[in-house]
Amino acid sequence: QVQLVESGGGLVQPGGSLRLSCAASGIIFRFYVMGWYRQAPGKQRELVGTITSGGRTNYADSVKGRFTISRDNAKNTVYLQMNSLKPEDTAVYLCNAYNYPNQYWGQGTQVTVSS
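Every residue gets a number counted from 1 within its own chain, in the order that chain's sequence is written. pLDDT decides what is reported in this predicted model: residues at 70 or higher carry local features, side-chain atom pairs at 80 or more are listed and counted, and totals for whole chains, interfaces and linings draw on all residues regardless. Derived side-chain values reflect all non-hydrogen atoms in the structure, with water molecules and hydrogen atoms excluded from consideration.

Our focus in this paragraph is the nonpolar core. Definition of nonpolar core: a set of buried residues of the types Ala, Val, Leu, Ile, Met, Phe, Trp, Tyr and Cys, connected through side-chain atoms within 4.5 Å. Exposure is judged per residue with a 1.4 Å probe applied to protein chains only, and the accessible area is read against the type maximum: over 50% gives exposed, under 20% gives buried, and values in between give partly exposed. One finds Met 34, Trp 36, Phe 67, Val 78, Leu 80, Met 82 and Tyr 93 to be the most contacted residues of the largest nonpolar core, which totals 29 residues. Strands here are runs of E lasting at least two residues and helices are runs of H or I lasting at least four, both read from the DSSP assignment and numbered beginning at the N terminus. Elements supplying a minimum of two residues to this core: strand E3 (18–25), strand E4 (33–39), strand E5 (46–51), strand E7 (67–72), strand E8 (77–82), strand E9 (91–99) and strand E11 (109–113). Among residues more than four places away in sequence, those in contact with Met 34 are Leu 4, Cys 22, Phe 29, Gly 49, Thr 50, Ile 51, Arg 71, Val 78, Cys 95, Asn 96 and Ala 97. Residue contacts follow a heavy-atom distance rule, with two residues in contact if any of their heavy atoms lie within 4.5 Å.

By disulfide we mean two sulfur atoms from cysteines, separated by a distance within 2.5 Å. This model, assessed by the stated rule, comprises 1 disulfide. The partner cysteine of Cys 22 in its disulfide is Cys 95, sulfur to sulfur 2.1 Å. Residues Cys 22 and Cys 95 are joined through a disulfide that is left-handed, its torsion about the S-S bond being -80°. Here Cys 22, found in strand E3, pairs with Cys 95, found in strand E9; they are 73 residues apart in sequence, far enough to count as distant. Considered together, Cys 22 and Cys 95 belong to a single accessibility category, that of buried residues.

Looking at the element boundaries, Arg 66 is found in the loop between strand E6 (57–59) and E7. What Arg 66 contacts, discounting residues up to four positions off in sequence, is Gln 81, Met 82, Asn 83, Ser 84, Leu 85, Lys 86 and Asp 89.

What follows covers the packing of aromatic side chains. Here is the rule: rings of Phe, Tyr and Trp (six-membered ring for Trp) pair when centre to centre is within 6.5 Å. Planes less than 30 degrees apart are stacked, more than 60 are edge-to-face, and the remainder are tilted. Considering all chains together, one arrives at 2 aromatic pairs under this definition. Between Tyr 32 and Tyr 104, the ring centres sit 6.3 Å apart and the planes meet at 45°, which makes this aromatic pair tilted. Residue Tyr 32 is found in the loop between E3 and E4, and its partner Tyr 104 is found in strand E10 (residues 102–105); the two are separated by 72 residues along the sequence. When the centroid spacing of 4.9 Å and the interplanar angle of 65° are considered together, the rings of Tyr 37 and Trp 105 count as edge-to-face. Placement of the pair is Tyr 37 in strand E4 and Trp 105 in strand E10, with a sequence separation of 68 residues. Taking the ring centre of Trp 105 as reference, the NZ or CZ of Arg 45 above it sits at 4.4 Å. The criterion for a charge sitting over a ring is simple: Lys NZ or Arg CZ within 6 Å of the ring centre, and within 35 degrees of the ring normal. In this arrangement the basic side chain of Arg 71 is found over the ring face of Phe 29, its NZ or CZ atom lying 4.5 Å from the centre.

So this is what it looks like as structure tokens:
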């Protein structure tokens, strides 16, 4: 059974930082492209960024320079370091694992940026 379990969300003030983690099980982690997505109330799910098995990253323009994705293949875990957070970053953040044709999602973790 595949499981992606996110953690690390919470309430943070504008300008603050959070680090999200996503622990994967039931897949051969190192073969998967891992991604972070987010969904705000009333909005469509959007890509935050991805990281390949080799560590190559790609980011949405809205988070470039502020967010960093990394992975530890030995721990089957992907991370999302979020700095300089803005109120518009408020959303449920979801972890994604993709290796064609398979794709899996976590349940998400809430991030709220507010003073």
